[in-house]
Amino acid sequence: MSGHTEGPWKHFIAGPNHWIQAESDGRTVAFIGGKDSLFASHADTPHPLNADLIAAAPELLEALKHLDNAINEPSLGIDIIEASDKARAAIAHAEGVTP
């Protein structure tokens, strides 16, 4: 466990409001509505860890795609070590660690 609320997370929409909730127990991880944004905090999970994970989502997706291409599309010439390093850096970002 890296400290953030364990996934999987689900995205729910009600009108202009969006919630990200833990699938296991329905706890709110994040709420985004209109101009307001609030990251939920529970007794044992401080909100900055969830914020780090949410903020790293685009980087994680890019790194995963890069790694997938390195493994499954050898004709692209992507170095597997480079792809792995990129994935590890994205994981560190998601976990709030400075690589």
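Up top is the structure these notes are about.
Only a predicted model underlies this, so the values are computations on that prediction, with no experimental measurement involved.

Colleague: Please explain the pairing of strand E1 (residues 9-14) as it appears in this structure.
Modeller: In terms of strand pairing, E1 meets strand E2 (residues 17-22) through six bridges, oriented antiparallel. For Lys 10, the partnering residue across the bridge sits in E2 and is Gln 21. The loop that links E1 with its antiparallel partner E2 comprises two residues; one of these, Gly 15, has a positive phi angle of about 60 degrees.

Colleague: In this structure, what is going on with the environment of Ile 20? I would like to understand it.
Modeller: Looking at where Ile 20 falls in the secondary structure, it is placed in strand E2. With 10 residues separating them along the chain, Ile 20 and Lys 10 place their C-alpha atoms 5.5 Å apart. Apart from residues lying up to four places away in sequence, Ile 20 is in contact with Trp 9, Lys 10, Arg 27, Thr 28, Val 29, Ala 30 and Ile 54.

Colleague: Hey, could you run me through the environment of His 18 in this one?
Modeller: Mapped onto the fold, His 18 is located in strand E2. Take His 18: its relative accessible area is 26%, and that puts it in the partly exposed class. Taking the C-alpha atoms as reference points, His 18 and Ile 32, 14 residues apart in sequence, are found 5.1 Å from one another. Here His 18 is in contact with His 11, Phe 12, Ile 13, Ala 30, Phe 31 and Ile 32, once residues within four sequence places are set aside.

Parameters at a glance
Residues numbered from 1 in each chain as written. Predicted model: local features only at pLDDT ≥ 70, side-chain atom pairs only at ≥ 80, totals over all residues. Heavy atoms only, no water. Pairing = 2+ DSSP bridges. Helix = DSSP H or I, 4+ residues; strand = E, 2+ residues; numbered from the N terminus. Contact = heavy atoms within 4.5 Å. Buried < 20%, exposed > 50% of the residue type's maximum accessible area, 1.4 Å probe, protein only.

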